[in-house]
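Examining the three-dimensional arrangement
Listed here are the chains, written in short residue letters.
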Amino acid sequence: MPQRPFHPRSLAAQAMGKIDPLTKGVVPPIHVSTTYIRDEDNGYSGGFVYGRPDNETTREAESVLAMLEQAKAGALLFGSGMAAATAVFQALSPGDHVVASKVMYWALRSWLLTEATRWGLVIDFVETDDLAALQAAMKPGKTKLVWAETPSNPLWTITDIAAAAEIAHKAGAKLAVDSTCASPVHTRPLQLGADIVMHAATKVLNGHSDVVAGALCAREDDEFWNRIKTVRKGQGGILGPFEAYLLMRGMRTLHVRQERQSASAMTLAQKLSAHPLVARVLYPGLPQHPGHDIAARQMEGGFGYMLSVQVVGGEAAAVKAAAHVELYKRATSLGGVESLIEHRASIEGAGSPCPPDLLRLSTGIEDLDDLYADLDQALKAGHA
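Our next topic: the side chain of serine 362. With respect to the secondary-structure elements, serine 362 resides in strand β12 (residues 358–362). Residue classification places serine 362 among the buried residues on the basis of a relative accessible area of 1%. Sequence-distant contacts of serine 362, that is, excluding residues within four places in its chain, are made with Tyr305, Met306, Tyr328, Leu334, Gly335, Gly336, Glu338, Ser339 and Leu340.

What follows covers the sheet that holds strand β11 (residues 340–342). In spatial order, the strands read β8-β9-β12-β11-β10; together these 5 strands make up an open sheet with mixed pairing. Single-partner strands in this sheet number two, and they are β8 (278–282) and β10 (329–330). Two strands pair when backbone bridges link them, and strand β9 (residues 306–311) and β12 are joined in this way by 5 bridges, in the antiparallel orientation. Its bridge partner lying in β12, methionine 306 is registered against serine 362.

Next up on the list: the nonpolar core. One finds Leu65, Leu247 and Met251 to be the most contacted residues of the largest nonpolar core, which totals 41 residues. Of all the elements in the fold, those that place two or more residues in this core are α1 (8–13), α2 (56–69), β1 (74–78), β7 (214–218) and α9 (241–251). In terms of residue count, the dominant contributor to this core is α2 (6 residues). Residue contacts for leucine 247: discarding those within four places in its chain leaves Leu77, Ala201, Leu205, Asn206, Val211, Ala213 and Leu239.

Another point: a nonpolar patch on the surface. On the surface, Ile19, Val26 and Val27 cluster together to form a nonpolar patch covering roughly 250 Å² of accessible area. With a relative accessible area of 39%, isoleucine 19 lands in the partly exposed category.

Time to look at unusual backbone geometry. That bond from threonine 150 to proline 151 is cis: its omega, -10 degrees, falls within 30 degrees of zero. Here proline 151 shows up in the loop between β4 (143–149) and α6 (161–170). Of the consecutive residues asparagine 153 and proline 154, the connecting peptide bond is found in the cis state with omega at 5 degrees. With respect to the secondary-structure elements, proline 154 resides in the loop between β4 and α6. At asparagine 42, a residue that is not glycine, the phi angle is positive and equals roughly 80 degrees. Among the structural elements, asparagine 42 can be located in the loop between α1 and α2. Although it is not a glycine, tryptophan 156 adopts a positive phi angle of roughly 60 degrees.

This part takes up the side chain of lysine 203. Counting through the fold element by element, lysine 203 comes out in the loop between β6 (196–199) and β7. Buried charge lysine 203 goes without a salt bridge, the closest partner of opposite sign being glutamate 342 at 8.6 Å. Apart from residues no more than four positions distant in its own chain, lysine 203 is found in contact with Thr180, Tyr305, Ser333, Leu334 and Gly335.

How each quantity is defined
- Residues numbered from 1 in each chain as written.
- Predicted model: local features only at pLDDT ≥ 70, side-chain atom pairs only at ≥ 80, totals over all residues.
- Heavy atoms only, no water.
- Helix = DSSP H or I, 4+ residues; strand = E, 2+ residues; numbered from the N terminus.
- Buried < 20%, exposed > 50% of the residue type's maximum accessible area, 1.4 Å probe, protein only.
- Contact = heavy atoms within 4.5 Å.
- Pairing = 2+ DSSP bridges.
- Core = buried A, V, L, I, M, F, W, Y, C linked by side-chain atoms within 4.5 Å.
- Patch = residues over 30% accessible without salt bridge, like charges linked within 9 Å, V, L, I, M, F, W, Y side chains within 5 Å.
- Areas by Shrake-Rupley, 256 points an atom, 1.4 Å probe, with all protein chains shown as cover.
- Salt bridge = Lys/Arg side-chain N within 4 Å of Asp/Glu carboxyl O.
- Lys, Arg positive; Asp, Glu negative; His and termini not counted.

Structure representation (structure tokens):
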């Protein structure tokens, strides 16, 4: 690791400056061994015992992410975003009270309503962007975790991280932030007071739609963080070495991708706001967005690559428009170099807070004029 205080952009681009000691290659090798030789004194001076809790390639990717998030306690990589998120809740105890964002990643919300409650956790969902509602939901001494997703998928509401951290801590709870759709390029929740930051690293951290991964970063190396480590070790949720290698490759270009994607998303949001077939654009970079002022305070260098549009003509027009894109890919997920479009309510099903006329857009790195032209013709086809 370089000794000078280089910018995170430089450190990420060079994967912390790691050089292969054997070949002097600028790209470290993939370490695939699952077991390691003991020393004569029966110890493990190399620091590795078995591949289930630890791997050098995974460690290298974790070091890049911990640097980006300024995570003093480090980072842990998991086999998926869900594996990372659920490890946080599994580090709690039966009977613990959790307050979570009402608008959040739908698969995690479903897990909280089923498996987490079966485990004995007590879950209350609130609009965490409403600080009064968040405060009212707290049960001092019983609430152990506040889980906030910001910007929240797919309505892109903004939670004030610093204020939420203060509310959580006063009640004796931890604050965990799902920052998948901001990335450390735009927001570093730990520096705003959060205790844990989570990423579905499948998305923009990797950025190439070819890795399923999750990540957690921590502000303090405390008892709770060590329980999360124990969960990963015991359940074997660590990310594999090849996937960790691909993720590290993706993070080397994170800054240039995020800057392009966020700039394009901002322009698309502005242009689509004036489109006659768009009823509403949801994007925190727009001044009319309810969370814009907070986003402007806690996000830097852009407002992210995700936006949603509500289509004139309702659900039928939205679904038809999604079926007529030519450049956008009609697929789930987000954060890749290719732009994606999805009728989100169809995915989430009954009980979803997602309006039926909403299309979720993940902005890639394609030509901006091509992206807008594709949406324009698709919207018009939706009304043909």
